[in-house]
Amino acid sequence: MKEMMEDELLEVLTQVGNPLAVFFYTPLCETCNAARRMLEVAEYMLPPELVIVAANVNMMPKLVNQYRISSVPALLVTDASRKNSPELYYAMVSVERVLEYIRSVTS
């Protein structure tokens, strides 16, 4: 999972390309650490063309406002076309649920 800065992530979110999943977190959030581990496990079961990146919301004021991120951990997933408005997923309760959500958006 690659870490991205705000400017780079804003650019990637507007470009047509591979499907993208952005994991929003804060460094001291223990729930975020658990969600990151779930996402790391899920990453092995997802297609290799899906790009998964991490973003520290403390460093993302524009993205927080643009996507109205209300809490962390949060997962934003977009398809390859970037035509549909991405939605945030907050209920990362299991690897299976995370996989279902990502697959529902990217397939």
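Residues numbered from 1 in each chain as written. Predicted model: local features only at pLDDT ≥ 70, side-chain atom pairs only at ≥ 80, totals over all residues. Heavy atoms only, no water.

### Focus on the side chain of Thr78
The residue Thr78 is located in strand S4 (residues 74-78) in this model. Not counting residues within four places of it along the chain, the set of residues in contact with Thr78 comprises Leu13, Pro19, Leu20, Pro86, Val105 and Thr106. (Helix = DSSP H or I, 4+ residues; strand = E, 2+ residues; numbered from the N terminus. Contact = heavy atoms within 4.5 Å.)

### Brief notes about a nonpolar patch on the surface
Among the surface-exposed residues, Val41, Tyr44 and Met45 lie close enough to one another that they form a single nonpolar patch of about 360 Å² accessible area. The exposure class assigned to Met45 is partly exposed, which follows from its relative accessible area of 42%. (Patch = residues over 30% accessible without salt bridge, like charges linked within 9 Å, V, L, I, M, F, W, Y side chains within 5 Å. Areas by Shrake-Rupley, 256 points an atom, 1.4 Å probe, with all protein chains shown as cover. Salt bridge = Lys/Arg side-chain N within 4 Å of Asp/Glu carboxyl O. Buried < 20%, exposed > 50% of the residue type's maximum accessible area, 1.4 Å probe, protein only.)

### Here we look at the packing of aromatic side chains
Going through the model one piece at a time under the given rule, you end up with 2 aromatic pairs. Here the aromatic rings of Phe23 and Tyr25 are separated by 5.9 Å at their centres, their planes lie at 10°, and the arrangement is stacked. The residues Phe23 and Tyr25 share a single accessibility class, namely buried. Relative to Tyr101, the ring of Tyr89 lies with its centre 4.4 Å away and its plane at 10°, an arrangement referred to as stacked. Highlighted residues: Tyr89 in strand S5 (residues 87-89) and Tyr101 in helix H4 (residues 95-106), separated in sequence by 12 residues. In this pair, the class of Tyr89 matches that of Tyr101, namely buried. Positioned above the aromatic ring of Tyr25, the side-chain terminus of Arg36 is 4.7 Å from the ring centre. (Phe/Tyr/Trp six-rings, centres within 6.5 Å; stacked < 30°, edge-to-face > 60°. Lys NZ or Arg CZ within 6 Å of the ring centre and 35° of its normal.)

### Structural notes on the pattern of salt bridges
Pairs can form between side chains of opposite charge once their charged atoms are near each other. Taken as a whole and judged by the stated rule, the model has 1 salt bridge. Measuring nitrogen to oxygen at the nearest pair gives 3.1 Å for the salt bridge that ties Lys2 to Glu8.

### Some remarks on the pairing of strand S3 (residues 51-56)
By the criterion of burial, S3 is predominantly enclosed, with 5 of the 6 residues buried. Relative to S3, strand S1 (residues 2-3) runs parallel, the two being bridged by 2 bridges. Each bridged residue has a counterpart across the sheet, and for Glu3 the counterpart in S3 is Ala54. Sheet topology note: the strand S2 (residues 20-25)/S3 ladder contains 6 bridges and is parallel. Residue pairing for S3: Leu20 is matched across the bridge by Val51. What joins S2 to S3 is helix H2 (residues 30-43), and the crossover it makes is right-handed. (Pairing = 2+ DSSP bridges. Right-handed = clockwise from strand over helix to strand, strands pointing away.)

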